[in-house]
There are 2 protein chains.
Amino acid sequence: MTGTAAIVAVGDEVLAGRVTDRNGAWLVGRLAGAGVRVVSRVMVADDPAAVAAAVTWARTQAELVITTGGLGRTHDDCTVAGVARALGRAVLHREPSAGDPWPEVAFAVVAGAELWPNPAGLAPGQRVTAGDTMVVLLPGPPAELQALAEAALLPWLRESGNPGIVRVTYTCYDLAESEAARLLAPLAAGQHPRIGLYARPGRLEITLESPADPERPGRVPLAIRRLEGWLHGVCPQPLLPLGAEERPGWIVAQLIARRLRVAALESLTGGMVMAALVGVPGASAALVGGAVTYTDTAKAEMGVPVQILREFGAVSEACARAMAEVARARWNVDFGLATTGYAGPTGGDPGHPVGTVFVGCAGPAGVVVHRLQLHGDREAVREGATDAVLALLQAALAADGTPAGEDMEL
Amino acid sequence: MTGTAAIVAVGDEVLAGRVTDRNGAWLVGRLAGAGVRVVSRVMVADDPAAVAAAVTWARTQAELVITTGGLGRTHDDCTVAGVARALGRAVLHREPSAGDPWPEVAFAVVAGAELWPNPAGLAPGQRVTAGDTMVVLLPGPPAELQALAEAALLPWLRESGNPGIVRVTYTCYDLAESEAARLLAPLAAGQHPRIGLYARPGRLEITLESPADPERPGRVPLAIRRLEGWLHGVCPQPLLPLGAEERPGWIVAQLIARRLRVAALESLTGGMVMAALVGVPGASAALVGGAVTYTDTAKAEMGVPVQILREFGAVSEACARAMAEVARARWNVDFGLATTGYAGPTGGDPGHPVGTVFVGCAGPAGVVVHRLQLHGDREAVREGATDAVLALLQAALAADGTPAGEDMEL
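Residues numbered from 1 in each chain as written. Chains lettered and ligands numbered in written order. Predicted model: local features only at pLDDT ≥ 70, side-chain atom pairs only at ≥ 80, totals over all residues. Heavy atoms only, no water.

- Chain A is annotated in an unreviewed UniProt entry as Competence-damage inducible protein from Candidatus Hydrogenisulfobacillus filiaventi.

**Here's the deal with the relation of the copies chain A and chain B**
- With an RMSD of 0.1 Å, chain A superimposes on chain B once it is rotated by 180° and translated 0.1 Å along the axis. Viewed as a symmetry operation, the transformation between the two copies matches a two-fold axis.
- Taken as a fraction of all interface residues of chain A, those also at the interface in chain B reach 100%, which identifies the copy contact as same-surface. (Least-squares fit on C-alpha atoms with pLDDT ≥ 70 in both. Contact = heavy atoms within 4.5 Å.)

**Here we look at the interface of chain A and chain B**
- The interface of chain A with chain B comprises 78 residues on the first partner and 78 residues on the second.
- Across the chain A/chain B interface, buried area totals approximately 6,300 Å², and carbon plus sulfur atoms make up 55% of it.
- There are 6 salt bridges connecting chain A and chain B.
- For B:R330, the salt bridge is made with A:E301, and the minimal N-O distance between the two is 3.8 Å. (Buried area = accessible area lost by both parts, 1.4 Å probe. Salt bridge = Lys/Arg side-chain N within 4 Å of Asp/Glu carboxyl O.)

**Let's talk about the packing of aromatic side chains**
- On inspection of all chains with the given rule, the structure shows 3 aromatic pairs over all chains.
- Positioned above the aromatic ring of A:W331 is the side chain of A:R330, whose terminal nitrogen or guanidinium carbon lies 5.8 Å from the ring centre. (Phe/Tyr/Trp six-rings, centres within 6.5 Å; stacked < 30°, edge-to-face > 60°. Lys NZ or Arg CZ within 6 Å of the ring centre and 35° of its normal.)

**What to know about the sheet that holds strand 12 (residues 239-241) of chain A**
All names here are of chain A.
- Across the sheet, which stays open at both edges, the 4 strands sit in the order 10-11-9-12 with antiparallel pairing between neighbours. This sheet does not close on itself; its edge strands, each paired only once, are strand 10 (194-200) and strand 12. Averaged over all adjacent pairs, the angle separating strand axes in this sheet is 25°, with direction ignored.
- Relative to strand 11 (residues 203-211), strand 10 is paired through 7 bridges, and the arrangement is antiparallel. Paired with Y198 across the two strands is E205, which belongs to strand 11. (Pairing = 2+ DSSP bridges. Helix = DSSP H or I, 4+ residues; strand = E, 2+ residues; numbered from the N terminus. Axes fitted to C-alpha atoms, helices over the stretch in contact; angles between N-to-C directions.)

**Here's the deal with the nonpolar core**
- Formed by 70 residues in total, the largest nonpolar core has its most connected members in A:L337 and B:L337.
- Leaving out residues up to four positions away in the same chain, A:L337 has contacts with A:V262, A:A263, A:A264, A:L265, A:V273, A:A324, A:A327, A:G360, A:C361, A:V389, A:L390 and A:L393.
- A:V44, A:C78, A:A130 and B:V110 belong to the second-largest nonpolar core, a separate cluster that totals 65 residues. (Core = buried A, V, L, I, M, F, W, Y, C linked by side-chain atoms within 4.5 Å. Buried < 20%, exposed > 50% of the residue type's maximum accessible area, 1.4 Å probe, protein only.)

**Some details on the domain arrangement of chain A**
Residues and elements named next belong to chain A.
- Each domain of chain A was delimited in the assignment, giving domain 1 (4-159), domain 2 (165-241) and domain 3 (247-398).
- With centres defined by C-alpha atoms, the gap from domain 2 to domain 3 works out at 28 Å.
- With 8 residues of domain 2 at the interface, the matching set in domain 3 holds 10 residues.
- When the two sides are added together, the surface that domain 2 and domain 3 hide from each other amounts to roughly 690 Å², 49% of it contributed by carbon and sulfur.
- Taken together, the connections running from domain 2 to domain 3 amount to 2 salt bridges.
- E383 is the salt-bridge partner of R203, the closest N and O atoms lying 2.8 Å from each other. (Domains from an automatic or database assignment.)

**A closer look at the packing of helix 2 (residues 22-33) of chain B against helix 5 (residues 142-159) of chain B**
Residue and element names in this part refer to chain B.
- Running from N to C, helix 2 and helix 5 cross one another at 25°; their axes reach a closest spacing of 11 Å. Between helix 2 and helix 5, the angle is such that the two are roughly parallel. Crossing of helix 2 against helix 5: the hand is right-handed. Across the interface between the two elements, R22, N23, W26, L27, R30 and L31 of helix 2 pack against P142, L145, Q146, A149, E150, L153, L154, L157 and R158 of helix 5.
- Along the lines of polarity and charge, the residues of the contact of helix 2 with helix 5 split into 9 nonpolar, 2 polar and 4 charged. (Parallel < 35°, antiparallel > 145°, perpendicular 65-115°, else oblique. Left-handed = near helix turned anticlockwise from the far one by under 90°. Nonpolar A, V, L, I, M, F, W, Y, C, P; charged D, E, K, R; others polar.)

**A word on the side chain of A:D387**
- When you line up the elements, A:D387 lands in helix 13 (residues 378-398).
- Not counting residues up to four positions away in its chain, the partners in contact with A:D387 are A:Y173, A:R203, A:A244 and A:R247.

**Quick word on the sheet that holds strand 8 (residues 133-138) of chain A**
- Strands sit in the order 6(A)-7(A)-8(A)-3(A)-1(A)-2(A)-2(B)-1(B)-3(B)-8(B)-7(B)-6(B) across an open sheet of 12 strands; the sheet is mixed. Edge positions in the sheet fall to strand 6 (114-116) of chain A together with strand 6 (114-116) of chain B, since each of these pairs with one other strand and no more. Recorded for the sheet is a direction-independent mean angle of 20° between the axes of neighbouring strands.
- Note: strand 3 (residues 64-68) of chain B against strand 8 (residues 133-138) of chain B, 5 bridges, orientation parallel. Residue pairing across strands places B:I66 opposite B:V136, the latter belonging to strand 8 of chain B.
- In the packing of helix 2 of chain B onto the sheet, contacts are made with strand 1 (3-10), strand 2 (36-44), strand 3 and strand 8 of chain B, and the angle to strand 2 of chain B comes to roughly 165°.

Structure below.
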């Protein structure tokens, strides 16, 4: 691994979190594939002095500094001014001229920058070499940033010949972080693979990360394979491959490849399960539909037996089972998913405190229901329930006989 | 405004974006209420040297530095070590002793830190004074961070007597960012209110921000009111109060207060509209349910006339209108919402390219359908469609006669 990068995201909205910065996560993933590790991300306001301070610091942390956002032409777009100040360069106001590969608009440029045409918008990307570091300016709209990175930044990085970084994530249910830490302690001293633990609602994610084998860049390196084998041996609970972010993509790909279809009846998750699947391009071939049945009336109208709702209540193993079966039967699909529970902050009943969740998956091999006790706020409980029901579907697909394909290994 | 803060989020998962950092946005909002402006946020890996470098830089940017995460006891929790290194302090390993207000576990402490009991978990918060700056260490799980901030950090900040910061956001449809910049140019020079523009799919958000009036801390300050009036006068398009993040909370509060109910039939948004509403505590009183009808078959089964699907197609004004009416009638509610369109990256038909979206809202006063042409990737199109249909509902509620209440002003 020869390259490190720091990302500076410019913008009041991103800094305040009113807009989720999708560029950072996207760049981290794509840069890893080009062998570059992101060591820090900074978010700053639309203010040239703040941008200059962040870029100056970022240059002390990494060889490559990438700024995102603030390249437009409104008064609060100030990335060019900030970068120029950090590097002691002038700002040039470039007027359009015939034969330019960019649109005929004036824009500001850091003196000495190489310009990259923007395939999806107006503002070109800029690359400035300054001493031992390189500063790359990319526009903020994700579609423009991604198009520019794919067209110019990533090819340029790949030419440098770095092997990529391979990351493998496992999810383990019913394993406390402290217990996992004890199990993994013998490995903490080693440098590679790098091990990360992340406790999420109701589960623990374990990531293993290592430089790719230059001979076989697409495959999981031997160091990770060895550690995987050891993990499977020492963990008291089964390890489910993939982390929460990768699960919907894997599931949709498997469903499409095997011509299987799914529907969902969601209560506390209120559409998050379907939204997670629909977020994958091509999902329309696999997700037939589903319903959000937030009240008992809505559940009954969809076909959940009133007797079950009366006898066991909506937050029960029996109701989750019935909901999964209803989803499967009503939409005439291979897999029916169901979620029901108390997301909080209020609610719950004796024996079912806030955070009690039942998730169900009805498939050709029968119905599986899990009861979870999730901790955290409303959003955490709903997020945990969403991943848990998708994990049931993943397990059902993995057990379904048909080979899961090469993807499964990654 | 007397205080500035910088946030250092520690953790591989947050840095990589595999986990959305909800703490940053939450802290920005709560600190603003206590009169403290967040000027930068940094995300770093689980590495003491990286934490130390980030804290050192953050101290040059703000008077208050808040670290989040990395306070557990696994090998990758290293915030205490990093902060201690940045401040030139020792790390103390504190053994439990009788009478402590914290659980009986050993934990690491920055020498000289004041400890704050954690009402929701094990790791206490820590506050260290160092020269002109203060460093506060908070745990990463949002429930613990929020409990600790509410119990210790925010009361301590409020005692300093800062007035809060008031932020007002408007959404404007069909106004290009460049046109908005031209309109707002006369104001760019002034310091207060601070004006931010954010171009989102299909719309522009304008935020005005100003210190609260110390005499009337909960009200919108005069400076913002004046600017609002001016904005309404110069904008060629109507301004809808609230930004996308505030809209679901306002809608749910209005629905509950007026005892109105809503249901949704979602196609391309695949559950995102319902998920946005369900994300608000108490939503179960207002959101009865809804369905994701991703295919024509699923739409027809819910009650969309087959003739409409055949004659106009699923991505049409007529279909959106029928879907909204079906949602309203089927769940017997006051408002029925509908979304249909092409999210991409493939799809579309002659006359309806990718990004063509129809959103509909059926209410007591009739049905309103808007056609949008959204740009950006799949997620951007879906996000734009979700906000657009909620904006229709907001407009319908605002026009509904019943006073919107004091909340509307904020």
